[in-house]
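Listed here are the chains, written in short residue letters.
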Amino acid sequence: MSKSFLFIEGIPCEVLKYAQEREKQTSAVGVNAILRVDRGSVMEIKKRIQGKDYFKVTLPDEYQTKIDMRFGKILWNYDGNLYTARVALVENTYDSISQVTVFDYLEPELTNTRIQCAKTSAYVVALENILIAKNILNSSDLEIIRKSVENLEKLKMKELYHVDNVYDYWEF
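Remember, it's a predicted structure, so these values are computed and weren't measured experimentally. (Residues numbered from 1 in each chain as written. Predicted model: local features only at pLDDT ≥ 70, side-chain atom pairs only at ≥ 80, totals over all residues. Heavy atoms only, no water.)

## Overview of the packing of aromatic side chains
Next up, step 1: Per the stated rule, a full pass over the model turns up 4 aromatic pairs.
Next up, step 2: The interplanar angle of 40° and the centroid separation of 6.5 Å between the aromatic rings of Phe5 and Phe7 together place this pair among those described as tilted.
Next up, step 3: A relative accessible area of 23% means that Phe7 is categorised as partly exposed.
Next up, step 4: Each residue in the set Trp76, Tyr78 and Tyr83 is aromatic and connected to the rest through ring pairs, giving one cluster. (Phe/Tyr/Trp six-rings, centres within 6.5 Å; stacked < 30°, edge-to-face > 60°. Buried < 20%, exposed > 50% of the residue type's maximum accessible area, 1.4 Å probe, protein only.)

Structure follows, in structure tokens:
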């Protein structure tokens, strides 16, 4: 059996699993795929798409056609030098329609995450106040702690999408 590839900005990504459909309202192509890519190719893809809303994708078995697409959710795993990623790709014409219900796909997780985030923030503030009141921390200690975590936000965001096995998330 020969390998199949999807190309992102000309970079080949080995296709391990693939599904494609057209959105009824816009006829936009939607792709769900599990891809395998080496670390160097991932870095090159990031470099080529940086700052772009859409990028050129060549789909398997359609090597003559390049489609302007963007990423949806990406779940990934890294093993040695290879990334395995479950990616969603959406054609640019999909974004031309009103996305009134786009957040419906994120419920109830989005609401629950917001509630949990608010609770955690309130907990941290209460904990800070107790530690200051007991003279365990002072305001300069808190400032050092706050500055140390400011830059972690962007670095840790990608960890939200790291999974042990991307195949566990094939169903969308």
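Having seen it, we continue.
## Some details on helix H2 (residues 109-133)
Next up, step 1: For H2, which comprises 25 residues, the first-to-last C-alpha distance of 36 Å matches the rise-based estimate of 36 Å (1.5 Å per residue) to within 8%.
Next up, step 2: Downstream of H2 by a residue or two, Asn135 has a phi angle that is positive, lying close to 60°. (Helix = DSSP H or I, 4+ residues; strand = E, 2+ residues; numbered from the N terminus. Expected span 1.5 Å × (residues − 1).)

## With respect to the side chain of Glu91
Next up, step 1: In this fold, Glu91 is placed in strand S6 (residues 82-91).
Next up, step 2: From its side chain, Glu91 meets the backbone nitrogen of Val29 in a polar contact 2.8 Å long.
Next up, step 3: Not counting the four nearest positions on each side in its chain, Glu91 is found in contact with Arg22, Ser27, Ala28, Val29, Ile67, Asp68 and Met69. (Polar contact = N/O pair within 3.5 Å; in protein donor to acceptor, adjacent residues only side chain to side chain. Contact = heavy atoms within 4.5 Å.)

## A word on the nonpolar core
Next up, step 1: Leu6, Val31, Leu35, Leu59, Met69 and Leu89 are the most contacted members of the largest nonpolar core, which totals 23 residues.
Next up, step 2: When near neighbours in sequence (up to four residues on either side) are disregarded, Leu59 contacts Phe5, Leu6, Tyr18, Gln20, Val29, Val31, Thr65, Ile67 and Met69.
Next up, step 3: The next biggest cluster of nonpolar side chains, apart from the first, holds 5 residues, and it includes Ile34, Val163, Val166 and Trp170. (Core = buried A, V, L, I, M, F, W, Y, C linked by side-chain atoms within 4.5 Å.)

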